[in-house]
Amino acid sequence: MKSLLTFNNVSKSFFTETGKTDVLSKISFTLHDDEIIAVIGPSGCGKSTILNLASALENQTSGEIKKDGKIGYMFQRDNLFMWRNVLDNIKLGLEISKTLNKENLDYIHSLINKYGLQDFAKYYPNELSGGMRQRVALIRTLALKPDVLLLDEPFSALDYQTRLFVLDDVYKIIKSEGKSAIIVTHDISEAISVADRVIVLSNRPCKIKKILDIKFDLENKRTPTATRNAKEFQQYFDLIYKELNAYETD
Amino acid sequence: MKQIESIEQFKKIKKRRKVLILLSQIGLTILFLVAWELLANLNIINVFLVSKPSDIFKLFIKYIQSGELFGHIKISVYETLLGLIIGTFLGLIIGVLLWWNETIAKILDPFLVVLNALPKTALAPILIIWAGTGIKGIVLVAVSLSIVVTIMSSYNYFVSVDKEQIKMLKTMGASKFQILTKLILPSNIPNIINIIKINIGMSWVGVIVGEFLVSREGIGYLVVYGGQVFKLDLVMMGVFILGILALIMYLVLNAIEKYYRYTKYSKKSHKS
């Protein structure tokens, strides 16, 4: 197994006028290829900071981050540009990195066709449904051929119904493209249904409380929806629930 | 109320309402002019003070026949457009600069607030002395009126662009210049059009004030000259022409805005 992203004793503090805030404290984990890690923790604990560090938007205060591969980032909202149609939105990353060549354009078109957006290429974001927009956002991220996807509560802006649908959708796309991912969420069942491992974080300053391996007896037929019906699901849920709650009563 | 049963009917009702609004607007204008004319002819209002539509129209024809009017219109429109373009353009550039460098924005903030609160027309005599009494001085007055508003509102629009969208571009490795050209400017085009709309009015005020003070031609000159010799027909004609010119500029800009909205946010307009 190849390791794509390694956090080694990483800590992060913020300085504000009111003083120093320790957000992350000695975080260590490794993301391997073809693996999805879910990060779960109490809200406001600093989950998103892990992603900001991984994508080099911020620098760690101490510790070491090793990266082997390109990073792609997906946000809570789709952040599609209203004034660009679907195709132009997907091309955005290539324009930024100035790699808008024939080969990459062909790749974009193959993604568009593969994931059923060919009829919508000329549509503008406000003409698409929420689920469709998330799919466009994912393909915009994939267009840059990242090895690791960072997903920051990517579905929390959607209603529950759409969310289950999009989760299945995104899971399938990530798996079929053979990508690794770190998904930050506060939804326990969402974490269990997509992840190979779940990292449970404590309150601020965030420490790793537990790393849980998630295994289902589903072999290759695993989808987020299928896991929700699996017998192991409830056990994992209870375990994580207890871990999280232990902190709120502290 | 009647139930709407088909899309044709819905469109018909909408169209009928549009026609009704337009007819009412025209009707109101005519009613106002007719009442004015009647009251003037019946000596209920003093023609010497408020003039009357038929006299204004006669004067209008006279000025057109002599060709004098076009010269005045031309010079005023020219000055206004020049003031509008320079004021908007410079204002936007400075707005971008402030967005680019937060420290400069912080430093200039109190000065801009004071400049904005100051009635710029009070500066007009000084500006004209500095720039000269010709077109230059008048355009400078027009620019002084539009530029401060443009800087302040464009800067506010630029900094209120969605932070998450900026973050997204950063994760793609975008430079600050790319963030400007790919996000800040394109997302603010509707706002920039709004700024231009406001600046049309500002430039006209600047030009008229400038012409009041120094010029020998232009609509503002006609108005101030008419006032000095107590020819209220002339004053009223100048005001009417100003209204019509401002309306035309506004309509042109509205058409541009509409075109932009249709082509930019919807596939339906693209015949693909």
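The rules behind these values
Once a new chain begins, its residue numbering starts again from 1 and follows that chain's sequence as written. Written order determines the labels here, with chains lettered from A and ligands numbered from 1. Local features in this predicted model are restricted to residues whose pLDDT is 70 or higher, and side-chain atom pairs enter the listing and the counts only when it is 80 or higher, whereas totals over whole chains, interfaces and linings include all residues. Derived side-chain values reflect all non-hydrogen atoms in the structure, with water molecules and hydrogen atoms excluded from consideration. In this text, helices come from DSSP runs of H or I with a minimum length of four residues, and strands from runs of E with a minimum of two, each type numbered from the N-terminal end. With C-alpha atoms as the basis for the radius of gyration, the globule rule is written as 2.2 Å multiplied by the number of residues raised to the power 0.38. The cut-offs for exposure are 20% and 50% of the maximum accessible area for each residue type, with area from a 1.4 Å probe on protein chains only; residues under the lower value are buried, those over the upper are exposed, and the others partly exposed. Every residue pair with non-hydrogen atoms within 4.5 Å of one another is taken to be in contact. Only four residue types enter the charge count: Lys and Arg as positive, Asp and Glu as negative, with His and the chain ends excluded. All charge positions are set by atom: Lys at NZ, Arg at CZ, Asp at CG, Glu at CD. Helix span, expected: 1.5 Å multiplied by one less than the number of residues in the helix. Under this scheme, a helix contributes an axis fitted over its contacting stretch, all axes are lines through C-alpha atoms, and angles between N-to-C directions fall in the 0 to 180 degree range. Our angle categories are set so that under 35 degrees counts as roughly parallel, over 145 as roughly antiparallel, 65 to 115 as roughly perpendicular, and the remainder as oblique. As a working rule, the residues Ala, Val, Leu, Ile, Met, Phe, Trp, Tyr, Cys and Pro are called nonpolar, Asp, Glu, Lys and Arg charged, and the rest polar, with Gly in that last group. Strands qualify as paired when DSSP identifies two bridges or more between them. Look down the strands so they point away from you; if going from the first strand over the helix to the second traces a clockwise path, that crossover is right-handed. Residue ranges assigned to the domains are those given by an automatic or database domain assignment. Put simply, buried area is how much 1.4 Å-probe accessible surface two parts lose in total, over both of them, once they are put together. A carboxyl oxygen of Asp or Glu within 4 Å of a side-chain nitrogen of Lys or Arg is what we treat as a salt bridge. By the criterion applied in these results, polar contacts are pairs of N or O atoms within 3.5 Å in which, for protein atoms, one can donate a hydrogen and the other can accept it, and in which residues neighboring in sequence qualify only through two side-chain atoms. Handedness of a crossing follows from how the near helix is turned relative to the far one, being left-handed for an anticlockwise turn of less than a right angle and right-handed for a clockwise one.

Caption draft 1: Representation of the overall build of chain A. Counting its regular elements, chain A contains eight helices and nine strands. Computed over C-alpha atoms, the radius of gyration of chain A comes to 18 Å, within 12% of the 18 Å expected from 2.2 N^0.38 for 250 residues, which places it in the range of a compact globule. A principal-axis box enclosing the C-alpha atoms of chain A has dimensions of 55 × 45 × 35 Å. Going through the 250 residues of chain A one by one, you find that 56% of them count as buried. A sequence separation of at least 24 residues applies to 71% of the contacts in chain A between residues at least 6 apart. Both charge centroids of chain A, one from 34 positive and one from 33 negative side chains, sit 3 Å from each other.

Caption draft 2: How the structure looks around helix α1 (residues 7-41) of chain B. Its 35 residues give α1(B) an end-to-end C-alpha distance of 51 Å, which sits within 8% of 51 Å, the value for a rise of 1.5 Å per residue. Buried residues of α1(B): B:Q9, B:W36, B:E37 and B:A40, and no others.

Caption draft 3: Molecular detail of the packing of helix α4 (residues 68-100) of chain B against helix α11 (residues 219-228) of chain B. Residues and elements named next belong to chain B. Running from amino to carboxyl end, α4 crosses α11 at an angle of 120°, the nearest separation of the two axes being 7 Å. Accordingly, the angle class assigned to the pair α4 and α11 is oblique. Of the residues in α11, those touching α4 at L69, H72, I73 and S76 are I219, G220, Y221 and L222. Considered class by class, the residues forming the contact of α4 with α11 number five nonpolar, three polar and no charged.

Caption draft 4: The pairing of strand β6 (residues 148-152) of chain A, seen in detail. Residue and element names in this part refer to chain A. Judged by how many residues are buried, β6 sits mostly within the fold: five of five residues are covered. Of the two faces of β6, the one carrying V148, L150 and D152 and the one carrying L149 and L151 are both buried. Two strands pair when backbone bridges link them, and strand β5 (residues 71-74) and β6 are joined in this way by four bridges, in the parallel orientation. Paired with Y73 across the two strands is L150, which belongs to β6. Looking at chain direction, β6 and strand β7 (residues 180-185) are connected through five bridges and run parallel. Paired with D152 across the two strands is V184, which belongs to β7. Handedness of the crossover joining β6 and β7 through helix α5 (residues 160-176) is recorded here as right-handed.

Caption draft 5: Examining the sheet that holds strand β8 (residues 197-201) of chain A more closely. All names here are of chain A. Spatially, six strands are ordered β5-β6-β7-β3-β8-β9 in an open sheet, and the strand pairing comes out mixed. Here the strands that pair on one side only, and so sit at the sheet edges, are β5 and β9 (208-213). In this sheet, adjacent strand axes meet at a mean angle of 15° when their direction is disregarded. Pairing geometry for strand β3 (residues 36-40) and β8, over four bridges, is parallel. Within the sheet, the bridge partner assigned to I37 lies in β8 and is R197.

Caption draft 6: Layout of the domain arrangement of chain B. All names here are of chain B. The assigned domain composition of chain B is domain 1 (1-45) and domain 2 (52-260). Taken together, the contact between domain 1 and domain 2 spans five residues of the former and six residues of the latter. Of all residues in domain 1, the largest losses of buried area upon contact with domain 2 belong to L33, W36 and E37, amounting jointly to 79% of the total for that side. Remark: the boundary between domain 1 and domain 2 carries zero salt bridges. Where domain 1 packs against domain 2, one counts two residue pairs in polar contact (both at pLDDT 80 or more). The residue makeup of the side of domain 1 that touches domain 2, split by class, is three nonpolar, one polar and one charged.

Caption draft 7: Quick look at the sheet that holds strand β2 (residues 19-32) of chain A. All names here are of chain A. Strand order in the open sheet formed by three strands is β2-β1-β4, with antiparallel pairing between adjacent strands. At either end of the open sheet lies a strand with only one pairing partner, and these are β2 and β4 (62-67). The average angle at which neighbouring strand axes cross in this sheet is 20°, direction not considered. Across five bridges, the pairing between strand β1 (residues 3-16) and β4 is antiparallel. Within the sheet, the bridge partner assigned to T6 lies in β4 and is K66.

Caption draft 8: Inspection of the packing of helix α2 (residues 86-96) of chain A against helix α4 (residues 130-142) of chain A at higher detail. All names here are of chain A. Interhelical geometry of α2 versus α4 gives an angle of 35° and a closest axis separation of 7 Å. Pair α2 / α4 crosses with right-handed handedness. The residues of α4 that touch α2, namely those facing V86, N89 and I90, are V136, I139 and R140. Classifying every residue of the contact of α2 with α4 by side-chain character gives four nonpolar, one polar and one charged.

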